[in-house]
Amino acid sequence: MTSFPVPTMPAPPVGVVGLGQLGGSLAAALVAAGRQVTGWDVDPAAREAAAAHGVRIARELTGVVVLAVPLPAVAAALEGLDVDPDATVTDLGSVKVPVLAELGPALGGRYVGGHPMCGTERSGHEATDPGLFTGARWALCLEPGTELPRWLRVAEVALAVGAEVVPATAAEHDDAVAAVSHVPHLLAAALAAAAGEAGPLALALAAGSFRDGTRVIGSDPAFVTAMVQGNAAPTTAALTRVLEQLARPWPELVAAGHAVRAGSPAGRRPVRVPLERAALLSLGRAGGAVTRRLAAFVEGHLPVPSR
């Protein structure tokens, strides 16, 4: 019979590698939640900022080790660090299949892919916000080889900072975020570039809809490029669907888009789900999330369709 960690067991320490906006915010939020946190960053200023939030700065990491570094740096993120060989390793990257392919062979079931759906167009340790994860959805990958007790330990980290955990496979995650995150970055870029071509008058008259529609392209261009290129096939497929929608008669397009937004869930229905891979993935696929860890179950919610 598989043995699972229970909430009464001591919470393991957390190590955070990369103390920019996401990593610094996570480390600060965990300290505020009473967790033992060690952080490291190659930037001395980032280390100093994290230390000011109560984060212990050291190269020795154990427990749950979180990689909060840009996608191109994930493979080498642990080089030069003293990491417990039994540590559970997770990451915060916006693409999961390539990271799984990179880290999976060496880490096996010790690796649990993760992606908190938060953050802003700002970056660096100056953008640290301990409240960043409150109410955010945090995708947490369950592959056939993922060790479920380790998945639960990472889930507890996400829950400790106020996030809701959405179980998914890496491939499911990448398909989903292509539609709701990666294509919106490309559309924001296209909208901003087209408005720029329209001239100074257009930009001077730009108001809320333009500001909201272009906000995310204020992010670091290198970050956005790495994200969309790292998820190229799902992003291309999602962008094709958008182009097909734009080819529809405009009244039909406007009505279809409005119907989706107006059909947002009317509420949430509480559920209790056993600690079993298929049940957890079913919860995520149905639009639900985990909000609390119990001994043999997790509690969460499912969306209630609007009528």
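Here the structure is shown first, and the text comes after it.
First, a word on what this report is: a plain description of the structure on this page. The residue numbers shown here count from 1 along each chain, following its written sequence. Where local features are concerned, this predicted model is filtered to residues with pLDDT of at least 70; where side-chain atom pairs are given and counted, the filter is 80 or more; whole-chain, interface and lining totals use all residues. Just so you know, side-chain values use all the structure's heavy atoms and leave hydrogens and water out.

Turning next to the pattern of salt bridges. Any Lys or Arg side-chain nitrogen found within 4 Å of a carboxyl oxygen on Asp or Glu counts as a salt bridge. What the rule picks out here adds up to 12 salt bridges. Across the pair Glu 164 and Arg 137 runs a salt bridge whose closest N-O atoms are separated by 3.0 Å. Of this pair, Glu 164 sits in strand 11 (residues 164–168) while Arg 137 sits in strand 10 (residues 137–141), placing them 27 residues apart in sequence. Through salt bridges with shared partners, a single network forms among Asp 86, Glu 147 and Arg 150. Numbering goes from the N terminus for both helices and strands, where a helix is a DSSP run of H or I of at least four residues and a strand is a run of E of at least two.

Quick look at the state of the cysteines now. What counts as a disulfide here is a pair of cysteine sulfur atoms lying within 2.5 Å. Following the criterion strictly, the structure yields zero disulfides and no others. Unpaired in this structure, Cys 118 has its nearest cysteine sulfur neighbour in Cys 141, at a distance of 15 Å. A simple rule labels every residue: compare its accessible area, found with a 1.4 Å probe on the protein chains alone, to the largest value its type can have, and call it buried under 20%, exposed over 50%, or partly exposed in between. You can call Cys 118 partly exposed: its relative accessible area is 25%. Judged by relative accessible area, Cys 141 falls into the buried class, the value being 4%.

Along the chain, Thr 235 falls in helix 9 (residues 232–246). The buried category is assigned to Thr 235, whose relative accessible area is 4%. Pairing of N or O atoms within 3.5 Å defines a polar contact, subject to two protein rules: one partner must be a possible hydrogen donor and the other a possible acceptor, and residues neighboring in sequence count only if both atoms are side-chain atoms. At 2.8 Å, the side chain of Thr 235 and the backbone oxygen of Asn 231 are in polar contact. Working rule for contacts: check all heavy atoms of both residues, and any pair within 4.5 Å makes them a contact. With sequence-adjacent residues up to four places away left out, Thr 235 is seen in contact with Ala 178, His 182, Val 183, Leu 186 and Val 228.

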